[in-house]
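What the coordinates show
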Amino acid sequence: MTTRSLAFDTARRGFLLLTLAFFLLPFLWLAMTAYKPSNAIFSIPPHLFFEPTLDQFRNALKIFDVGSLVLSSLMIAGGSMILSLMLGVPAGYALARSSHPAAMGVAYFFMTIRMVPAVAALIPFYLLMRDIGLIGSWMSVVLINCVLNTAFVSWMMFSYFRGLPKELEEAALTDGCRQFGAFWKVSLPAVRSGIIASALFCVLFSWNDFLFAMFLTRLDSKPISVALLSAYGTKDITWGTLGALAHFSTVPIVLIVLVLNRYFVQGLTKGIN
Amino acid sequence: MTNIAMNLSSTDQARAPSGLSSIPFATRRKFFLVAMALPAVAYVIALGVFPLVKGIWYSLYEYNLLKPARTHFVGIDNYVNLLKDADFRGAIANTVIFTVFSVAIELVFGFIIALALWRDDRFNRVCLTLILIPVTITPLVVGLIFKGLLLADYGMVGYYLAQWGLTDPRGLFATPSTALATLIFIDIWEWTPLVALILLAGLKALPGDLLEAAAVDGATAWRTFRSITLPLMLPAVMLALTLRTIDAFRVFDSVFVTTGGGPGNSTNTLMVYAVKEGLSFFNIGKASAIANIALLGVAIIAACFILMIRHFDKRANGR
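Residues numbered from 1 in each chain as written. Chains lettered and ligands numbered in written order. Predicted model: local features only at pLDDT ≥ 70, side-chain atom pairs only at ≥ 80, totals over all residues. Heavy atoms only, no water.

**So, the packing of aromatic side chains**
To keep it simple, the criterion reads: To pair, rings of Phe, Tyr and Trp, with the six-membered ring standing in for Trp, must have centres within 6.5 Å; the planes then decide the type, stacked if under 30 degrees apart, edge-to-face if over 60, and tilted in the middle. Each helix is a run of DSSP H or I of at least 4 residues and each strand a run of E of at least 2, with the numbering of both proceeding from the N terminus. Only lysine NZ and arginine CZ atoms are considered, and such an atom sits over a ring when it is within 6 Å of the ring centre and within 35 degrees of the ring normal.
Within the structure shown, the criterion is met by 31 aromatic pairs over all chains. Arranged with centres 5.4 Å apart and planes meeting at 80 degrees, the rings of Tyr61 of chain B and Phe73 of chain B form a pair that is edge-to-face. Of this pair, Tyr61 of chain B sits in strand 1 (residues 61-62) while Phe73 of chain B sits in strand 2 (residues 72-73), and the two are 12 residues apart along the sequence. Through pairs of rings, three or more aromatic residues link up here, namely Phe22 and Phe23 of chain A together with Phe109, Phe146, Phe185 and Trp189 of chain B. The lysine or arginine in question, Arg114 of chain A, covers the ring of Phe205 of chain A, its NZ or CZ lying 4.1 Å from the ring centre. Positioned above the aromatic ring of Tyr263 of chain A is the side chain of Arg262 of chain A, whose terminal nitrogen or guanidinium carbon lies 4.6 Å from the ring centre.

Here it is as structure tokens:
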């Protein structure tokens, strides 16, 4: 390596480290706040160093029913993921395998649905749920999340199945496999990474949503995102308690994405290469 | 396809003379595919499209949940009133400013990061994984993080900014002239990594031999970038641009948590305005009209991008 390219490489790494600091420090600050004693949070001027404590977590667990909040979040994320995959994966398959001109149109229809501003659907959906008596339950949040997620999964699986050679199933079909058997035993395993990516995005969208949950759930069915918002507005809840509560909302999803990073990146960049 | 289908149906018939196989394979295949797609299509229409159409209907009514007795058809009055409404015009301006600035900066910053991450080594792979964390954090929490950091009284950053006289003592969010810029900053923090990731995928898909040939021919780095890298990157750039423009246009979470549209109306965006009207004031008619105009905005943005992509495609193929 020449001196010049070595210098260039060092500069590049330096720049990346600075960039990383920019993107990670704010998050680390919130994470740290949860281990600060209250007097360190409110100290003027703000201190960077402090004695770590778990008081804020104790507070958070005392004030909030964290178990039920996390359970609601899990129900919403898990429920909408399962339903969306059940609806979206077969649809993506059918659209990719059909040679009918309408199939492409339906695929684009799914893509457009994902772009709709949430409120445009939320207000009428809210009234619809009120009329059928589902308002206040996490089920209604699952149902509306599922609209966006199903559309997204169908579109994404459409592109995954399209990249799969048709010959694979055709061989299975000539071997006397039923059509569903060919889909289930041959095509589905071949797009496993697409299904993992779809599931990941469904969980990410629904876990992180709070607009739908804020208006469609009640006190006993609200997920952790909504609890965070209401906690923020309350006077006797400190930033530390908020930081502790935010742990339960952010740490699981960040860990899941870090572990499944490969699928996350692959899913996001599908359609470029 | 037809050939194989015919083939299949004949072998099928020979093997299993059950009731189903008297129907030709091509027909059964069609039924099967429709049956596979139908549940998803029906679901999205019933719970997605139907509410949207209902929303258009509501927007033609004076309809307030708190005053149900006064509900009546008003035609396009809700829309006409919005055009005269200074708050609404302000919301449009805020949304457009927010979208243009955040997307433009994200694109430039994201491109620089993508170039720095281009080489496939261990250091870069670790960087790419970590840099994506902001994208995965709950947007609501992102809002809370910056709210806390920028508090002028005791926020880790806001305190010093105010002490050194760099910002108004009320803090960045509470000053009308800086609130929107701060929200743009938050959006950049949250979504630049996503743009960088998409552009990086584009860079990695570039034909390496073309870049090498340019280097051999003695082209400078800048010239190679301008005449080869940039044009070939157009699809990735367009994808990032489309995704981010539509998402930025629909911004809600971070605004709602940090400023709620204030101070005054200085950060009121279309989504925040619609949510406040509809679900806080229960003014369904007006809120639906705002939401529909936002929907129209998204449709226009999407159509522009599709036309642009087609135009570039044509130019690329014409060469």
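**Considering the environment of Arg250 of chain B**
Threshold: Only heavy atoms enter the contact rule, under which two residues are in contact if any of them lie within 4.5 Å. Under this definition, polar contacts are N or O atom pairs within 3.5 Å; protein pairs additionally need one hydrogen-donor-capable and one acceptor-capable atom, and for neighbouring residues in sequence, both atoms have to be side-chain atoms.
Summarising the element assignment, Arg250 of chain B is placed in the loop between helix 12 (234-249) and helix 13 (253-258). The sequence separation of Arg250 of chain B and Ala104 of chain B amounts to 146 residues, and the corresponding C-alpha distance is 16 Å. Discounting chain neighbours no more than four positions away, the residues touching Arg250 of chain B are Arg114, Met115, Val116 and Pro117 of chain A together with Met271 and Val298 of chain B. Within the structure, Arg250 of chain B has its side chain in polar contact with the backbone oxygen of Val116 of chain A (distance 2.9 Å). Looking at Arg250 of chain B, its side chain comes within polar contact range of the side chain of Asp247 of chain B, at 2.6 Å.

**Points about the domain arrangement of chain B**
All names here are of chain B. Just so we agree on the cut-off: Note that domain bounds follow an automatic or database assignment of domains. Buried area: the accessible area, evaluated with a 1.4 Å probe, that two parts lose upon being put together, summed over both parts. By salt bridge we mean one thing: a side-chain nitrogen of Lys or Arg within 4 Å of a carboxyl oxygen of Asp or Glu. Residue polarity is assigned by list, with Asp, Glu, Lys and Arg as charged and Ala, Val, Leu, Ile, Met, Phe, Trp, Tyr, Cys and Pro as nonpolar; anything else, Gly included, falls into the polar class.
According to the domain assignment, chain B consists of domain 1 (2-58) and domain 2 (87-318). With centres defined by C-alpha atoms, the gap from domain 1 to domain 2 works out at 40 Å. Contacts between domain 1 and domain 2 engage four residues on the former and five residues on the latter. Where domain 1 abuts domain 2, roughly 310 Å² becomes buried across the two surfaces, and 65% of that area is made up of carbon and sulfur atoms. At the boundary of domain 1 and domain 2, one finds zero salt bridges. Applying the counting criterion to the domain 1 and domain 2 interface returns one residue pair in polar contact (both at pLDDT 80 or more). For the side of domain 1 that touches domain 2, a count of residues per class yields three nonpolar, one polar and no charged.

**Regarding the confidence of the model for chain A**
Put simply, the test is: Each residue gets a pLDDT score, which is the predictor's confidence in that residue and runs from 0 to 100.
When the pLDDT values of chain A are averaged, the result is 87; 96% of them are 70 or greater. Confidence, read as mean pLDDT per element, is least for helix 2 (residues 38-41) of chain A in chain A (73) and greatest for helix 4 (residues 66-97) of chain A (94).

**Thoughts on the packing of helix 12 (residues 224-233) of chain A against helix 13 (residues 239-259) of chain A**
All names here are of chain A. Put simply, the rule reads: Angles shown run from 0 to 180 degrees and are taken between the N-to-C directions of axes, each axis being a line fitted to C-alpha atoms and, for helices, limited to the stretch in contact. We call two directions roughly parallel when the angle between them is under 35 degrees, roughly antiparallel when it is over 145, roughly perpendicular when it lies between 65 and 115, and oblique otherwise.
Two numbers describe how helix 12 lies on helix 13: the axes approach to 10 Å, and their chain directions differ by 170 degrees. Between helix 12 and helix 13, the crossing angle belongs to the class labelled roughly antiparallel. For the pair formed by helix 12 and helix 13, the contact residues are Ile224, Ala227, Leu228, Ala231 and Tyr232 on the first element and Trp239, Leu242, Leu245, Ala246, Phe248 and Ser249 on the second. A per-class count over the contact of helix 12 with helix 13 returns 10 nonpolar, one polar and no charged.

**Focus: the nonpolar core**
Note the cut-off: We call a set of buried residues a nonpolar core when its members are Ala, Val, Leu, Ile, Met, Phe, Trp, Tyr or Cys and they connect through side-chain atoms within 4.5 Å of each other. Buried, partly exposed and exposed residues are distinguished by accessible area as a fraction of the type maximum, computed with a 1.4 Å probe on protein chains only: under 20%, between the cut-offs, and over 50%, respectively.
With 177 residues, the main nonpolar core has Phe161 and Phe264 of chain A together with Leu199 of chain B as its most contacted residues. Sort the elements by how many residues they give to this core and helix 9 (residues 176-204) of chain B lands first, with 15 residues. Here this core gathers at least three residues from each of two domains, domain 1 (2-58) and domain 2 (87-318) of chain B.

**A few points about helix 14 (residues 270-280) of chain B**
Residue and element names in this part refer to chain B. Of all 11 residues that make up helix 14, nine are buried, and the element is covered over most of its length. Those residues of helix 14 lying buried are Leu270, Met271, Val272, Tyr273, Ala274, Val275, Glu277, Gly278 and Leu279. Positive phi appears at Phe282, one or two residues downstream of helix 14, with a value of about 55 degrees.

**A closer look at the interface of chain B and chain A**
Across the boundary between the two partners, chain B contributes 98 residues, which contact 94 residues of chain A. For the pair chain B and chain A, the summed buried surface comes to about 8,500 Å²; carbon and sulfur atoms form 80% of the total. Applying the counting criterion to the chain B and chain A interface returns four salt bridges. In this structure, Asp121 of chain B and Arg12 of chain A form a salt bridge, with 3.5 Å as the shortest nitrogen-oxygen distance. Counting every contact that joins chain B to chain A gives 16 residue pairs in polar contact (both at pLDDT 80 or more). Ranked by the residues each element gives to the side of chain B that touches chain A, the list is headed by helix 2 (residues 25-58) of chain B, at 22 residues. For the side of chain B that touches chain A, the residue count by class is 76 nonpolar, 12 polar and 10 charged.

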